[in-house]
Amino acid sequence: MELSFVYSGNETVGAMVVSRLEAAGCTRTDDVAHAEAIITYCTSQTALEDAYFDEQGLVQAAGKGALLIDLSASTPSFARELNAVAVVSDLMSVEAPLVVVDVARADAFGDRDNLVCFVGGDEEAVAEARPVLEAIAGTVQETGGAGSAQLARAAYTLQTTAQVISAVEADALYRAVRRSSASLDQATERVGAATPVAEQVLAAVNTGRFDGMYTVEMFMAELSAALTAADDVDLILPQAEACLHLLELLAVIGGSDKAPAALALVYGEEKTCAEQGLDWTRAEQAYGDVAEGFDDLDDDGHDHGHDHGSFGDYPGYGAYSAN
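Residues numbered from 1 in each chain as written. Predicted model: local features only at pLDDT ≥ 70, side-chain atom pairs only at ≥ 80, totals over all residues. Heavy atoms only, no water.

Trainee: Which parts of the structure should I look at to understand the environment of Asp30?
Mentor: Of note, Asp30 is situated in the loop between strand 2 (27-28) and strand 3 (37-41). Each C-alpha atom, one on Asp30 and one on Ser4, is 9.6 Å from the other, the two residues being 26 residues apart in sequence. (Helix = DSSP H or I, 4+ residues; strand = E, 2+ residues; numbered from the N terminus.)

Shown next as structure tokens:
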């Protein structure tokens with residue numbers, strides 16, 4: 001496949017995209033005006049809008065006939081808007097939000113089979129983009145016209161998020177009960193009957209594997225996009241909003257570059273959090289007196305009082321166990 005391309009956005013995803021496309025025979029260039037394809041992946045809606053629609057943005061800079069491929073998790077409305085602008089600008093646009101299948105893998109982007117692209121857009125543009133996407137991801141799933149892939153991505157995100165956080169909370173319950181009951185039956189020492197996504201996360205938590213290429217920042221971007229899509233149609237999703245608040249808390253205390261399995265640390269001991277580079281004083285500064293439940297922690301970081309920490313004005317949460 002001979003194709004000149006420009007990449008813009010997140011460096012981790014960019015390194016993977018560039019490596020795979022170059023291996024497939026494509027050539028990276030910095031010359032946006034003459035690039036045949038322009039590929040983007042951003043972790044915020046603002047960054048994505050700026051990338052395409054600023055005065056010096058990609059839509060203005062791209063040459064006629066160029067193919068725009070966005071791998072970001074965004075909203076159906078943004079995808080339709082970008083497609084409409086592309087049409088009047090004599091460009092082709094494809095939304096191809098990237099999905100990480102095993103979010104707990106340390107090398108989440110290292111295996112094509114761990115990546116899926118939902119693809120939406122005009123048939124001609126999708127046909128042009130397919131060879132590029134097949135070089136990047138193991139599965140390329142067409143969903144229909146503009147906006148359809150982002151809708152599919154949002155639905156996938158909501159389900160994945162619920163599985164990840166419910167697995168972490170189930171594990172937190174098992175750990176708390178084990179700490180308080182020395183006679184607990186060995187057969188009940190781990191969470192059972194878990195979904196595949198939950199199993200992936202639990203395996204990472206049980207082995208203390210809290211770092212990886214797929215990060216909390218990326219996870220938050222995907223969930224934020226899904227919530228924005230819901231907001232665009234006046235739909236309230238309380239569970240998803242609560243999940244986002246929890247992810248935001250983890251990011252505030254220093255976990256934005258951690259893997260999603262690091263959510264388990266929020267329910268763990270302060271000493272373990274500190275060992276992983278997380279700092280609860282940042283939450284105090286951001287949300288008020290959020291760590292008063294940690295007052296019963298002794299010098300080795302253990303909570304013998306099992307009080308609950310009040311998270312002050314932190315949105316969506318009354319208390320978390322300080323365990």
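Trainee: Looking at this model, I keep getting lost on the pairing of strand 5 (residues 92-95). Mind explaining?
Mentor: When a strand is regular, its side chains alternate between the sheet's two faces. Along strand 5, one buried face is formed by Met92 and Val94 and the opposite face, lined by Ser93 and Glu95, is buried too. In this region the chain leaves strand 4 (residues 67-70), passes through helix 4 (residues 76-88) and returns to the parallel neighbour strand 5; the handedness of that crossover is right-handed. Where strand 5 meets strand 7 (residues 115-121), 2 bridges bridge the pair, whose relative direction is antiparallel. Residue pairing in the sheet places Glu95 in a bridge with Gly120 of strand 7. (Buried < 20%, exposed > 50% of the residue type's maximum accessible area, 1.4 Å probe, protein only. Right-handed = clockwise from strand over helix to strand, strands pointing away. Pairing = 2+ DSSP bridges.)

Trainee: Got a minute to help me understand the packing of helix 8 (residues 216-232) against helix 9 (residues 238-255) in this structure?
Mentor: When two helices pack together, you describe them by how their axes are tilted relative to each other and by the distance separating the axes. Remark: helix 8 packs on helix 9, axes separated minimally by 10 Å, with the N-to-C direction vectors making an angle of 150°. Taken together, the axis directions place helix 8 and helix 9 in an arrangement best described as roughly antiparallel. Regarding helix 8 and helix 9, the two cross each other, and that crossing is left-handed. Between helix 8 and helix 9, the contacting residues are Val216, Phe219, Met220, Leu223, Ser224 and Leu227 on the first element and Ala240, Glu241, Cys243, Leu244, Leu247, Glu248, Leu250, Ala251 and Gly255 on the second. When grouped by side-chain class, the residues that make up the contact of helix 8 with helix 9 number 11 nonpolar, 2 polar and 2 charged. (Axes fitted to C-alpha atoms, helices over the stretch in contact; angles between N-to-C directions. Parallel < 35°, antiparallel > 145°, perpendicular 65-115°, else oblique. Left-handed = near helix turned anticlockwise from the far one by under 90°. Contact = heavy atoms within 4.5 Å. Nonpolar A, V, L, I, M, F, W, Y, C, P; charged D, E, K, R; others polar.)

Trainee: Teacher, can you tell me more about helix 7 (residues 196-206) here?
Mentor: It helps to recall that an α-helix has 3.6 residues per turn; residues three or four apart then point in one direction. Every buried residue of helix 7 is listed here: Val197, Ala198, Gln200, Val201, Leu202, Ala204 and Val205. On its buried face, helix 7 sits against helix 6 (148-180) and helix 10 (263-266). Taken from the residues just after helix 7, Gly208 is the one with a positive phi, measuring 70°.

Trainee: What's the story with the pairing of strand 7 in this structure? I'm lost.
Mentor: Most of strand 7 sits inside the fold, with 7 of its 7 residues counted as buried. Residues Leu115, Cys117, Val119 and Gly121 of strand 7 are buried on one face, and the alternating residues Val116, Phe118 and Gly120, pointing to the opposite face, are buried as well. By the bridge criterion, 3 bridges tie strand 6 (residues 98-100) to strand 7 in an arrangement that is antiparallel. In the sheet register, Val100 faces strand 7, and the bridge partner there is Leu115. Two strands pair when backbone bridges link them, and strand 7 and strand 8 (residues 139-144) are joined in this way by 5 bridges, in the parallel orientation. In the sheet register, Phe118 faces strand 8, and the bridge partner there is Gln141.

Any functional reading would require information beyond the geometric quantities listed.
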